[in-house]
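Read off the chains here:
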Amino acid sequence: MQRHKTFFEKYAKDNVDALIVLSPLNNFYYTGFKASNGAFIATRKGKAVYLTDFRYTEDAREKIATDIEVELVGQDAFYSKIKQILKSARANIVGVEGDFLAWSAYDRLAKELDFCTLINVSVEIERQKAIKTEDEISNIAKAQDIAEKALTKLLPKLKVGVTEFDIAAELNYIALKLGSEAPAFDTIVAFGANSSKPHAKPSDNKLAKGDMVLIDFGCKTNGYCSDMTRTFAFYDKPDARLERIYDIVLKAQIYAINNIKAGVSCKEADSYAREFITANGYGEYFGHGLGHGVGIYVHELPRVSSRSEEVLMPGMVITVEPGIYVSGLGGVRIEDLLVIRDGGTENLTKFAKALRVL
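Everything numeric in this text was worked out from a predicted model, so none of it was measured.

Asks: Would you mind showing me how to read the overall build of the chain here?
Replies: When its secondary structure is counted, the chain shows 10 helices and 18 strands. For 358 residues, the compact-globule estimate of 2.2 N^0.38 gives 21 Å, and the C-alpha radius of gyration of the chain, at 23 Å, lies within 12% of that figure. With the principal axes as the frame, the chain shows a C-alpha extent of 70 × 40 × 35 Å. For the chain, contacts bridging at least 24 residues in sequence account for 67% of all contacts bridging at least 6. Of the roughly 15800 Å² of accessible surface on the chain, a fraction of 50% belongs to carbon and sulfur atoms. The averaged location of the 48 negative side-chain charges in the chain is 1 Å from the averaged location of its 46 positive side-chain charges.

Below you can see the structure in the form of structure tokens.
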């Protein structure tokens, strides 16, 4: 794990002397180790230390690379130890992940490190995480494979009268049995008119003949997330308006995927789907961005939206998920995971997209 060195070489401002990471998932990114309580401190000169308490020390020493020193620290001495390390390193400008810190943690750091200037390097951390290694992409692909197998096993369980709660719980259980570490985010299952809510929460709403079924979920493998959405018709072909909406969303997604490549801005990528949907009369019903980065968090940089100036680069993993949502009628979203490659893209999502009547 040399990611802290890459941070200083490629992403940190020249005057950043040290980096402090307190959030568990970003600690995992830099050390490969997960714990509810830990701090990663790295300096531009190369020293890297992971601090944790008695519960995790032995495990951390076994799993963290030898170029990162693991130290046992009592919870009361946590911040004073950070102070000692940075004083010894003569750090003046210290980067902190301000966007991920609770105010109480930031306030405590500011008081302990009164000899330093703290600057927010959340954007720099996010930019580093946006470019995935092949190992990271492999883990995302494994999580996606589990998700697709789980969805395949789930579909026969969709019967008249089952609730959104039932199906969400069943899907999560199947995925865990297949090897997922945990859901990547709160599973979305929406039947009928509820499918018009982009982030619908599963409820006791029961499945009925003629309903659209929207399922958006992800799995985790070795700490990395997947994310996919599929929309189905249950028992009968859907209302003609929803059938047309499905066709528009599918064509918009395919067009976007076929044109996305390295060097394209996220705003332009978003426009590929948005302009098609708008030209077909449903622009006002596509109210979110085309996609987002995926990694150890299910939402990472880049943000693929009409407001984003970021440029797609090789190694990024993004979702492509256009949708149309009509209140009182229902909605359709189709979402794939795409790897940006030199000279093209790789779609990690293999699950069929043609409208399927269950």
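Asks: What is the right way to read unusual backbone geometry from this model?
Replies: Negative phi characterises most residues that are not glycine, and trans characterises most peptide bonds. For the bond from Leu301 to Pro302, the omega torsion is 5 degrees, close enough to zero to count as cis. In this structure, Pro302 sits in strand 13 (residues 300-304). Phi at Tyr235 is positive, roughly 75 degrees, even though this residue is not glycine. Here Tyr235 shows up in the loop between strand 11 (228-233) and helix 9 (240-259). The partly exposed category is assigned to Tyr235, whose relative accessible area is 45%.

Asks: Can you help me understand empty space enclosed by the protein in this one?
Replies: The probe, sized like a water molecule, is rolled over the atoms to show the empty space still left. Evaluated as defined, the whole model comprises two cavities of 30 Å³ or more. Volume-wise, the largest cavity comes out at about 40 Å³. Leu171, Asn172, Ala175, Leu176, Ser180, Ala182, Pro183, Phe217, Gly218 and Cys219 together form the lining of the largest cavity. A volume near 30 Å³ is recorded for the second largest cavity. Lining of the second largest cavity is provided by Leu22, Pro24, Asn27, Phe33, Lys34, Ala35, Ser36, Asn37, Gly38 and Tyr50. Across the lining of the second largest cavity, the residue classes tally to five nonpolar, four polar and one charged.

Asks: Just to check I follow, could you spell out the sheet that holds strand 7 (residues 188-191) for this structure?
Replies: Note on sheets: strands pair through backbone hydrogen bonds, and any given pair is parallel or antiparallel. The strand order across the open sheet built from three strands is 7-8-11, with neighbouring strands paired in antiparallel fashion. Because the sheet does not close on itself, it has two edges, and the strands there are strand 7 and strand 11. Taken over all neighbouring pairs, the strand axes of this sheet differ in orientation by 10 degrees on average, direction set aside. As paired elements, strand 8 (residues 212-217) and strand 11 share six bridges and run antiparallel to each other. Note that in strand 11 the partner of Met212 across the bridge is Ala233. This element, helix 8 (residues 164-177), spans strand 7 and strand 8 of the sheet and lies at about 150 degrees to strand 7.

Asks: Would you take a moment to explain the pattern of salt bridges for this structure?
Replies: A full pass over the atoms with the stated rule returns 23 salt bridges. The partner of Asp216 in a salt bridge is Arg333, and the shortest N-O contact between them spans 2.8 Å. You can see Asp216 sitting in strand 8 and its partner Arg333 sitting in strand 16 (residues 330-333), a full 117 residues away along the chain. An identical accessibility class is assigned to Asp216 and Arg333; each is buried.

Asks: When you look at the layout of surface pockets in this model, what are you seeing that I'm missing?
Replies: Here the largest pocket is characterised by a volume of approximately 620 Å³. As for the largest pocket, its lining consists of 29 residues, of which His199, His288, His292, His299 and Glu321 are closest to the centre. Considered class by class, the residues forming the lining of the largest pocket number nine nonpolar, 10 polar and 10 charged. Of the pockets and cavities examined, the second largest pocket occupies roughly 270 Å³. Lining the second largest pocket are 16 residues, and of these Val123, Glu126, Arg127, Leu301 and Glu310 lie nearest its centre. Considering every element that reaches the lining of the second largest pocket, the biggest residue donor is helix 6 (residues 122-130), with five residues. Grouping the constituent residues of the lining of the second largest pocket by class yields 10 nonpolar, one polar and five charged.

Asks: Would you mind showing me how to read the packing of helix 4 (residues 78-88) against helix 5 (residues 103-112) here?
Replies: The packing of two helices is summarised by the inter-axis angle and the distance between the axes. Relative orientation of the contacting elements helix 4 and helix 5 amounts to 45 degrees, with a least axis distance of 10 Å. By the angle between their axes, helix 4 is oblique relative to helix 5. Crossing of helix 4 against helix 5: the hand is right-handed. In this structure, helix 4 contributes Tyr79, Ser80, Ile82 and Lys83 to the contact, and helix 5 contributes Ala105, Arg108, Leu109 and Glu112. Split by residue class, the contact of helix 4 with helix 5 holds four nonpolar, one polar and three charged.

Asks: Would you explain helix 2 (residues 24-31) in this entry?
Replies: Because an α-helix packs 3.6 residues into every turn, residues spaced three or four apart end up facing the same way. Extensive coverage of helix 2 is indicated by the burial of six of its eight residues. Where helix 2 is concerned, the buried positions are Asn26, Asn27, Phe28, Tyr29, Tyr30 and Thr31. Once helix 2 finishes, Gly32 follows within two positions and takes phi at roughly 80 degrees, a positive value.

Asks: Would you mind going over the packing of aromatic side chains with me for this structure?
Replies: The description of two aromatic rings rests on the distance between their centres and on the angle between their planes. Summed over all chains, the structure comprises 13 aromatic pairs. Judged by centre distance (6.2 Å) and plane angle (70 degrees), the rings of Phe78 and Tyr79 are edge-to-face. Like Tyr79, Phe78 is buried. When the centroid spacing of 6.3 Å and the interplanar angle of 50 degrees are considered together, the rings of Phe234 and Tyr235 count as tilted. Members of the aromatic cluster, connected to one another through ring pairs, are Phe7, Phe8, Tyr29, Tyr30 and Phe40. Over the ring of Tyr29 we find Arg3; its NZ or CZ atom is 4.4 Å from the centre of that ring. The residue whose ring lies beneath Lys87 is Phe115, and the NZ or CZ to ring-centre distance is 5.3 Å.

About the thresholds
- Residues numbered from 1 in each chain as written.
- Predicted model: local features only at pLDDT ≥ 70, side-chain atom pairs only at ≥ 80, totals over all residues.
- Heavy atoms only, no water.
- Helix = DSSP H or I, 4+ residues; strand = E, 2+ residues; numbered from the N terminus.
- Rg over C-alpha atoms; globule rule 2.2 N^0.38 Å.
- Contact = heavy atoms within 4.5 Å.
- Areas by Shrake-Rupley, 256 points an atom, 1.4 Å probe, with all protein chains shown as cover.
- Lys, Arg positive; Asp, Glu negative; His and termini not counted.
- Charge placed at Lys NZ, Arg CZ, Asp CG, Glu CD.
- Buried < 20%, exposed > 50% of the residue type's maximum accessible area, 1.4 Å probe, protein only.
- 1 Å grid on protein atoms, 1.4 Å probe; cavity = no way out; pocket = protein on both sides within 12 Å on 5 of 7 lines; lining within 4 Å.
- Points joined across faces, edges and corners; volume = space filled by probe spheres on them.
- Nonpolar A, V, L, I, M, F, W, Y, C, P; charged D, E, K, R; others polar.
- Pairing = 2+ DSSP bridges.
- Axes fitted to C-alpha atoms, helices over the stretch in contact; angles between N-to-C directions.
- Salt bridge = Lys/Arg side-chain N within 4 Å of Asp/Glu carboxyl O.
- Parallel < 35°, antiparallel > 145°, perpendicular 65-115°, else oblique.
- Left-handed = near helix turned anticlockwise from the far one by under 90°.
- Phe/Tyr/Trp six-rings, centres within 6.5 Å; stacked < 30°, edge-to-face > 60°.
- Lys NZ or Arg CZ within 6 Å of the ring centre and 35° of its normal.

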